[in-house]
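Spelled out, the chains give:
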Amino acid sequence: MNHKLHVFMHEGQCFTSLNASSLPAAVPPIPRPWNPVLESDSSSDNIKDVLTTQWAYETRPWFPLIPTNPVFDGAVFSCLNHSFYSLPIESTLDGRYVLRGDVRQQWQSLEQKLIWCQGRLATNMHFPCDMMLAKKVALRSRDAFLGISAICTYFIMTRRYRPHNESTWTSILTNDARCPIPSTWVVELSRTFVGDLTDVVPRTGMIINGAYGLSWDTDVLMFEHFHVPIWVYWPPNVLPNKTWNRYLPSAEDIAAATHTSLGGLQGNNQWGTQSHDDPWGTQSNDDPWGTQSNDDPWGAQSNEQTPASAVQSQPDLSCFPLPNRHSGQKHGEDWKAFFARRAMQNKKKEENETPSHRQARLSRERSAENHRIPGKSSTIQVFEWQPQDDYDGFMLRTHITKAGVQDVWGDYNKFTRIFDSFSNQWDLCLALDPTSIPDGDDREDNDDIMPPLPMTAPLDVPPPAPSSFLNDIYTYFGSDVSLSSRHKDIEGIVPVLHYYFGYRPTAPSSAPLYASMQLNEWIKKTNWNHLRKLLGDSAAETGSIAEPQRQSITSFIGYLVNLKESDLGTIPPDVWDLGPDPSLQIKHAYIR
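None of the values given here were measured: they were computed from a predicted structure.

Can you walk me through the packing of aromatic side chains in this structure?
Each aromatic ring pair is described using two quantities: the centre-to-centre distance and the angle formed by the ring planes. Scanning the entire structure with this criterion turns up 19 aromatic pairs. With a centroid separation of 6.5 Å and 50° between ring planes, the pair formed by Phe15 and Trp55 is classed as tilted. With Phe15 in strand E2 (residues 13-17) and Trp55 in strand E3 (residues 54-55), the pair connects residues that are 40 residues apart, well separated along the chain. As far as the burial class goes, Phe15 and Trp55 line up, both buried. For the pair Tyr57 and Phe63, a centre-to-centre distance of 5.9 Å together with 80° between the ring planes defines the contact as edge-to-face. Connected via pairs of aromatic rings, a cluster forms that spans Trp335, Phe338, Phe339 and Trp385.

If you want it as structure tokens, here you go:
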């Protein structure tokens, strides 16, 4: 028995994992297997469907690398750091609303740069997948960038796990003949969810069907090495291939997992509260108002005369609006009481459920796990909890027509939508999580708020302008900043001069006012390319330093070369921050 093997039972199905201590939050339906004749599988073409754990697909090996909590920050991804409500838009002449022009250009530039990196990193590598999903309508949804990024991550991970020649992935980008990317930008990329392969960046992982072998089985070892979660599903009577032997559970493992799952079901409370009967903590099993009677929701005693004190304690329904017809909501019943009452009703329904009804209900649950908007032909009903201004914000459960669902669906997310598989109904309720950010993606897609780019193959993407990479750096950090690099292989000349020799990046570019004739002559005769090579600068850094800063660096080196050690104190403090002025130690945190 492998003590590291985790075994799970889910709806009678057996799953195992070596690096995950629990199953994914939602296990998607089992897909049809790879079709070698059609060279296709059932993987989704919608990027929103793959933001959660998916099954392993032959054409999409990058699915497991999508980050679960991406941080859109830093010089590379800060242009994506918008919520649905903060997204800047503008109106067109025909009355449509589109992404504001400057932001649209930033997103277009980012997409071009990521696609370019993807193409460079894929050089001389076999990649059995369809890249079009990653490229598809990136400007229509911020999440589409996660697909492009995940492909880049796949190539980075592959090159680190199985080195090709002696080139690192960073050197491939910085030394490209057509478009050498400045090393400072590559450093920033390495610190994002694209290049950070540590477990600090959790990823969705994948579920593998043990009944089928995949042509890229070796990728599993790579994913394990980089802590990408992997689960293996074991159908009954399946003999594993050699790759999956480590994941095969014993009969004792399965029995123990089955016992654990049955024990969990007996005490399961879908709302996570301590009470087994009342998920909202009220005192009665049937009374949303917390009265003591189990039969009358208003506290009256059945078949007996109601005491005057009990009548006086009844709620005053005149302060509540009348519920909408066919909404299922009682007069004066708030959203908490409604969901609590329905949960108890469902519990009773489940006790009397036939096997066929249970199978149909579980199928509805699985179909709703991705929170896909119901189509116009769907039998699912959608209700929205709408606050009533005339009743102090009291919320009424309101049925939304099929034509109106697309107008409100994007105002909610997986935390503010609840699907009831017994009644086949969705409830949209912001009160479930008032601080959560709505998805908004469906509205963006329907309204064409972000027009798509032309569909082109990655190799056809023209190289980005080298200045666009530097614009990202200076836009985020400021035009006068000096970036320190912790990547020893691609550390730039400016960080080296600043953190090792005390050069101030904001030093004036003009010639020294009080320099000797010898110093002035040295500065005039010095060739920049010769000087940067002496300092250990690589060719990739050539275009990343503007002419004014080249002049100030030349002057700084001129001081160090021509002055005697006793005269170094004459170097102006705005050029050298390691001078004798004691106040500099207060102004600069890096001086100790």
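Looking at this structure, how should I read helix H18 (residues 547-562)?
For an α-helix, 3.6 residues make a turn, and residues three or four places apart therefore share a direction. Over its 16 residues, H18 runs 22 Å from end to end, which matches the ideal 22 Å to within 8%, given 1.5 Å per residue. Restricting attention to buried positions, one finds in H18 the residues Gln549, Ser552, Ile553, Thr554, Ser555, Phe556, Ile557, Gly558, Tyr559 and Asn562.

Teacher, can you tell me more about the packing of helix H16 (residues 517-525) against H18 here?
How two helices sit against one another is set out by the angle between their axes and by the gap between those axes. At a minimum axis separation of 10 Å, H16 and H18 run at an interaxial angle of 130°. Taken together, the axis directions place H16 and H18 in an arrangement best described as oblique. Every pair of crossing elements has a handedness; the one defined by H16 and H18 is right-handed. Contacts between H16 and H18 involve Gln518, Leu519, Trp522 and Ile523 from the former and Thr554, Ser555, Ile557, Gly558, Tyr559, Val561 and Asn562 from the latter. Here the residues of the contact of H16 with H18 are counted per class, giving six nonpolar, five polar and no charged.

Is there a simple way to think about the nonpolar core in this case?
Across soluble globular proteins, nonpolar side chains have a tendency to be buried as a group. Phe77 and Phe223 are the most contacted members of the largest nonpolar core, which totals 73 residues. The biggest single contributor to this core is helix H4 (residues 144-161), with ten residues. In contact with Phe77, other than residues within four places in its own chain, are Phe72, Leu110, Leu114, Ser149, Thr192, Phe193 and Val194. Val494, Tyr503, Ala507 and Ile557 belong to the second-largest nonpolar core, a separate cluster that totals 16 residues.

When you look at the packing of helix H6 (residues 183-190) against helix H14 (residues 466-477) in this model, what are you seeing that I'm missing?
Running from N to C, H6 and H14 cross one another at 65°; their axes reach a closest spacing of 8 Å. Put simply, H6 runs roughly perpendicular to H14. When the axes of H6 and H14 are compared, the crossing they make is left-handed. Taken together, the residues of H14 that come into contact with H6 (itself represented by Thr184, Trp185 and Glu188) are Phe469, Leu470, Asp472, Ile473 and Phe477.

Before we go on, may I ask you to explain the sheet that holds E2 in this structure?
In a beta sheet, neighbouring strands are held together by backbone hydrogen bonds and run either parallel or antiparallel to one another. Pairing is mixed in the open sheet, where five strands are placed in the order E1-E2-E7-E6-E3. This sheet does not close on itself; its edge strands, each paired only once, are strand E1 (6-10) and E3. Note: strand E6 (residues 206-209) against strand E7 (residues 230-234), four bridges, orientation parallel. Bridge assignment links Ile207 to a residue of E7, and that residue is Trp231.

Any chance you could explain the pattern of salt bridges here in plain terms?
Pairing is possible between side chains of opposite charge, provided their charged atoms come close. Inspection of every chain in the model, using the stated rule, returns 15 salt bridges. One salt bridge connects Arg342 with Asp420, and the closest N-O pair in it is separated by 3.9 Å. Here Asp420 lies in strand E10 (residues 417-420) and Arg342 lies in helix H10 (residues 335-351), a separation of 78 residues in the sequence. Residue Arg342 is classed as buried on the basis of its relative accessible area, which comes to 9%. A network of salt bridges, in which partner residues are shared, links Glu350, Glu353, Arg358, Arg361 and Glu365.

Which parts of the structure should I look at to understand the pairing of E10?
Sheet faces and side chains relate simply in a regular strand, where the side chains alternate between the two faces. Here E10 shows a buried face lined by Arg417 and Phe419 and a second buried face lined by Ile418 and Asp420. Count of turn residues in the E10/strand E11 (residues 425-428) antiparallel hairpin: four residues, of which Asn424 carries a positive phi of about 60°.

Please clarify how helix H7 (residues 218-225) should be interpreted in this entry.
Those residues of H7 lying buried are Asp219, Val220, Met222, Phe223 and Glu224. Buried residues in H7 make contact with H4, E6 and E7. Immediately downstream of H7, the backbone of His227 shows phi near 65°, a positive value.

What is the right way to look at unusual backbone geometry in this model?
Excluding glycine, residues mostly carry a negative phi; peptide bonds, for their part, are mostly trans. In this structure, His371 takes a positive phi of about 55° despite not being glycine. Tracing the backbone shows His371 in the loop between helix H11 (355-368) and strand E8 (381-388). With a relative accessible area of 17%, His371 lands in the buried category. For Asp392, which is not glycine, the phi dihedral falls at a positive 55°.

Quick question: what am I supposed to make of the environment of Phe8 here?
Inspection of the secondary structure assignment puts Phe8 in strand E1. With 15 residues separating them along the chain, Phe8 and Leu23 place their C-alpha atoms 7.2 Å apart. Aside from chain neighbours lying at most four places away, what touches Phe8 is Gln13, Cys14, Phe15, Ser17, Ala20, Ser21, Ser22, Leu23, Trp231 and Ala257.

How should I be thinking about the sheet that holds E11 in this particular structure?
Strand order in the open sheet made by the four strands is E9-E8-E11-E10, with mixed pairing throughout. Looking at which strands have only one partner, the edges of the open sheet turn out to be strand E9 (394-400) and E10. In this sheet, neighbouring strand axes are inclined to one another by 25° on average, regardless of whether the strands run parallel or antiparallel. By the bridge criterion, four bridges tie E10 to E11 in an arrangement that is antiparallel. Counted as the bridge partner of Ile418 is Asp427 from E11.

Definitions and limits used
Residues numbered from 1 in each chain as written. Predicted model: local features only at pLDDT ≥ 70, side-chain atom pairs only at ≥ 80, totals over all residues. Heavy atoms only, no water. Phe/Tyr/Trp six-rings, centres within 6.5 Å; stacked < 30°, edge-to-face > 60°. Helix = DSSP H or I, 4+ residues; strand = E, 2+ residues; numbered from the N terminus. Buried < 20%, exposed > 50% of the residue type's maximum accessible area, 1.4 Å probe, protein only. Expected span 1.5 Å × (residues − 1). Axes fitted to C-alpha atoms, helices over the stretch in contact; angles between N-to-C directions. Parallel < 35°, antiparallel > 145°, perpendicular 65-115°, else oblique. Left-handed = near helix turned anticlockwise from the far one by under 90°. Contact = heavy atoms within 4.5 Å. Nonpolar A, V, L, I, M, F, W, Y, C, P; charged D, E, K, R; others polar. Core = buried A, V, L, I, M, F, W, Y, C linked by side-chain atoms within 4.5 Å. Pairing = 2+ DSSP bridges. Salt bridge = Lys/Arg side-chain N within 4 Å of Asp/Glu carboxyl O.

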